[in-house]
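Per-entry structural report
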Amino acid sequence: MKNYFVIGNPIEHSFSPRLHNYWNKIHNIKAEYFKKKLSNLEMEGFINDFRKKKISGVNVTVPFKRSVINYLDILSSEAEKTQSVNTITLDQNKLIGHNTDIFGFEQAIKKLNFKVCGKKIFILGAGGVVPSIIYALDKMKASSIIISNRTKEKAEKLKDQFNKINTLDWGEIPDFDLIINATSLGLKNETINLDFSNINKNKLFYDLIYNPGETNFLKEGRKLGNLSENGKLMFVYQAQAAFNLWHGVKPDINKQTLELLNL
Ligand code: ATR
C-alpha cells in the first residue's frame, strides 16, 4: 500500500483525503491518502521520509506552498513562475514541485463559460494562492488585473513577479467584469466590509472558498444581480491534475464526485 498526504496547518478542513481515496477505490489503486498537520520544524523530517520512499506523493496547502520549495530539487515552469507548489512527485530520486492550482482555476472558469479574454479582473487578497490565480488569468489573456489587499505591501510585492498587475487600497472598488475573493474572509461566515452597491449587474463573483458553499460575499453578489460561483470546481480540478501526476489516470469529474464534497 502506497501512502499519499496533504500537508498544511491547519488541515482539519481538508477534503482532499475524501476525494483521493474515492478515486483510489474506483480505479483500483492500492494507495491511501491522509491529511497531516505539520509545523515548520517537522517539515525536514517529513521530506526525508518522502525521499526514503515511505511516502509516494504529497499535496501542499496553506501555509507551505512557498516555503516547501526550499526542500525540492526541481520545479515545473508554472511552480517556478508562481513560486508556489501544491503537488510533489518523486521521480528518479528527485523531488519535483508542481502547481496544479493554475489548471484547477482555469478549468473551473472555463466550465462557467466565462471568457476571461479581454476582461477586467479584480482580486481581493494577496495570499499564497494569488500568484497561481494571476498566472492563470494572464494566460487566459485578461485585459487588466487589479489586486487589493488589507496589507497593501503584500499586493505591491506581487508586482516583482507579475509586472502586468496594478494595486488599489483596501476599500476601493474599481470597474470590473470578474471579482475574485482570495482572502480567508468567509471561511467562518465573516462578511467583507466592502461596498459593492454601486457596481452594475451581470458581473461574475467568484470565491475560492467552497466550504461554506455560499459565503456572504457570494450571497451579496447574487442579490445584486450577478453570477456567483464558489471554489469547489477549482479544488476538484487541482486534485484531478495531482492524481494524474501520481497515477497516470485522469478521473472523471461527475455528479458523484461533486456530491462527495457536499457539506
Ligand atoms: P497567507 O497570507 O499567509 O498566504 P492566506 O490564507 O493565503 O494566508 O491569505 C489570507 C488572505 O486573507 C490575505 O490576503 C489576508 O490579508 P493580509 O495580507 O492583510 O493578512 C486576507 N485577510 C485575512 N483576514 C482579513 C481581514 N480581516 N480583512 C481583510 N483581509 C483579510
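Conventions and cut-offs
- As a convention, each chain's residues are numbered from 1 in the sequence order in which they are written.
- Where local features are concerned, this predicted model is filtered to residues with pLDDT of at least 70; where side-chain atom pairs are given and counted, the filter is 80 or more; whole-chain, interface and lining totals use all residues.
- For the side-chain quantities, the full set of heavy atoms in the structure was used; hydrogens and water were omitted.
- Helix and strand assignments come from DSSP, with helices taken as H or I runs of at least 4 residues and strands as E runs of at least 2, each series counted from the N terminus.
- Both definitions apply: the radius of gyration is a C-alpha atom measure, and the globule rule equals 2.2 Å times residues to the power 0.38.
- In this description, contact between two residues means that some pair of their heavy atoms is separated by no more than 4.5 Å.
- The Shrake-Rupley method, run with a 1.4 Å probe, gives the accessible areas here. Residue values count only the displayed protein chains as cover.
- Note that His is not counted, nor are the chain ends; the positive residues are Lys and Arg, and the negative ones are Asp and Glu.
- A single reference atom marks each charge: NZ on Lys, CZ on Arg, CG on Asp, CD on Glu.
- Each residue is placed in one exposure class: buried if its accessible area under a 1.4 Å probe, protein chains only, is under 20% of its type's maximum, exposed if it is over 50%, and partly exposed if it falls in between.
- Pairs of N or O atoms are called polar contacts if they sit within 3.5 Å, as long as, within protein, a hydrogen donor faces a hydrogen acceptor (for residues adjacent in sequence, only side-chain-to-side-chain pairs).
- Domain start and stop positions are those given by an automatic or database domain assignment.
- Simply put, the buried area is the total loss of 1.4 Å probe accessible area from both parts when two parts are fitted together.
- The working definition used for a salt bridge is a side-chain nitrogen of Lys or Arg within 4 Å of a carboxyl oxygen of Asp or Glu.
- Here the term charged refers only to Asp, Glu, Lys and Arg, the term nonpolar to Ala, Val, Leu, Ile, Met, Phe, Trp, Tyr, Cys and Pro, and the term polar to all other amino acids, Gly among them.
- Axis geometry follows a simple rule: fit a line to the C-alpha atoms, using only the stretch in contact for helices, then measure angles between N-to-C directions, giving values from 0 to 180 degrees.
- Geometric relationships in this document are graded by angle, where less than 35 degrees denotes roughly parallel, more than 145 denotes roughly antiparallel, 65 to 115 denotes roughly perpendicular, and other angles denote oblique.
- Note on convention: the crossing is left-handed when the near helix lies turned anticlockwise from the far helix by less than a right angle, right-handed when the turn is clockwise.
- Any two strands between which DSSP finds at least two bridges are classified as paired.

**Concerning the overall build of the protein chain**
Helices and strands together make up the secondary structure of the protein chain, namely nine helices and 12 strands. Here the protein chain has a C-alpha radius of gyration of 18 Å; the compact-globule value for 263 residues is 18 Å, and the two agree. If you line up the protein chain on its principal axes, its C-alpha atoms span 55 × 40 × 30 Å. Look at the contacts in the protein chain between residues 6 or more apart in sequence, and 63% of them connect residues 24 or more apart. On the protein chain, roughly 12900 Å² of surface is accessible, and the fraction owed to carbon and sulfur atoms is 47%. The protein chain carries 37 positive and 27 negative side-chain charges, and their two centres are separated by 5 Å.

**A closer look at the side chain of asparagine 99**
With respect to the helices and strands, the residue asparagine 99 is situated in the loop between strand E6 (94-98) and helix H4 (101-111). On the basis of relative accessible area, asparagine 99 is assigned to the buried category, the value being 4%. Within the structure, the side chain of asparagine 99 is placed 3.1 Å from the side chain of threonine 82, a separation counted as a polar contact. At a separation of 2.9 Å, a polar atom in the side chain of asparagine 99 contacts the side chain of serine 132. With residues near it in sequence (within four places) discarded, asparagine 99 still touches Ser76, Glu78, Ala79, Thr82, Ser84, Asn86 and Ser132.

**Focus: the domain arrangement of the protein chain**
As far as domains go, the protein chain holds domain 1 (2-99 + 236-260) and domain 2 (102-230). Taking only C-alpha atoms, the centre of domain 1 and the centre of domain 2 are 25 Å apart. With 13 residues of domain 1 in contact, the opposing surface of domain 2 contributes 16 residues. In this assembly, domain 1 packs against domain 2 so that about 1200 Å² is buried in total across both faces, 56% of it on carbon and sulfur atoms. Connecting domain 1 to domain 2 are one salt bridge. Where lysine 139 meets glutamate 78, a salt bridge forms, and the shortest distance between an N and an O atom there is 3.6 Å. At the boundary of domain 1 and domain 2, one finds four residue pairs in polar contact (both at pLDDT 80 or more). Every element with two or more residues in the side of domain 1 that touches domain 2 is listed here: helix H3 (77-82) and helix H8 (232-247). Broken down by element, the residue count for the side of domain 1 that touches domain 2 peaks at four residues, all from H8. For the side of domain 1 that touches domain 2, the per-class residue count stands at three nonpolar, six polar and four charged.

**Structural notes on the packing of H4 against helix H5 (residues 130-139)**
It is the contact of H4 with H5, at a shortest axis distance of 9 Å, that shows an interaxial angle of 55 degrees. Judged on the interaxial angle alone, H5 and H4 are oblique. Helix-helix and strand crossings are classified by hand; for H4 and H5 the assignment is right-handed. Between H4 and H5, the residues in contact are Asp101, Ile102, Phe105 and Glu106 and Ser132, Ile133, Tyr135, Ala136, Leu137 and Lys139, respectively.

**Section: the sheet that holds strand E10 (residues 178-181)**
Pairing in this open sheet of six strands is parallel, and the strands run E9-E8-E7-E10-E11-E12 from one edge to the other. Looking along the sheet, the strands with just one partner apiece sit at the ends: strand E9 (166-168) and strand E12 (227-229). Direction aside, neighbouring strands of the sheet carry axes that sit 20 degrees apart on average. The pairing of strand E8 (residues 144-148) with E9 spans three bridges and is classified as parallel. Across the sheet, serine 148 pairs through a bridge with leucine 168, a residue of E9. Against the sheet, helix H7 (residues 216-223) contacts strand E7 (120-124), E10, strand E11 (204-207) and E12, and its axis sits at roughly 170 degrees relative to E11.

**Quick word on the pattern of salt bridges**
Here the structure, examined in full by the defined rule, presents 14 salt bridges. Aspartate 138 is paired through a salt bridge with lysine 164; the nearest N and O atoms lie 3.4 Å apart. In this pair, aspartate 138 is assigned in helix H5 and lysine 164 in the loop between helix H6 (152-161) and E9, connecting sequence segments 26 residues apart. Arginine 222 serves as the salt-bridge partner of glutamate 214, at 2.6 Å between the closest nitrogen and oxygen. What makes glutamate 214 partly exposed here is its relative accessible area of 27%. Under the relative-accessibility criterion, arginine 222 is labelled partly exposed at 42%.

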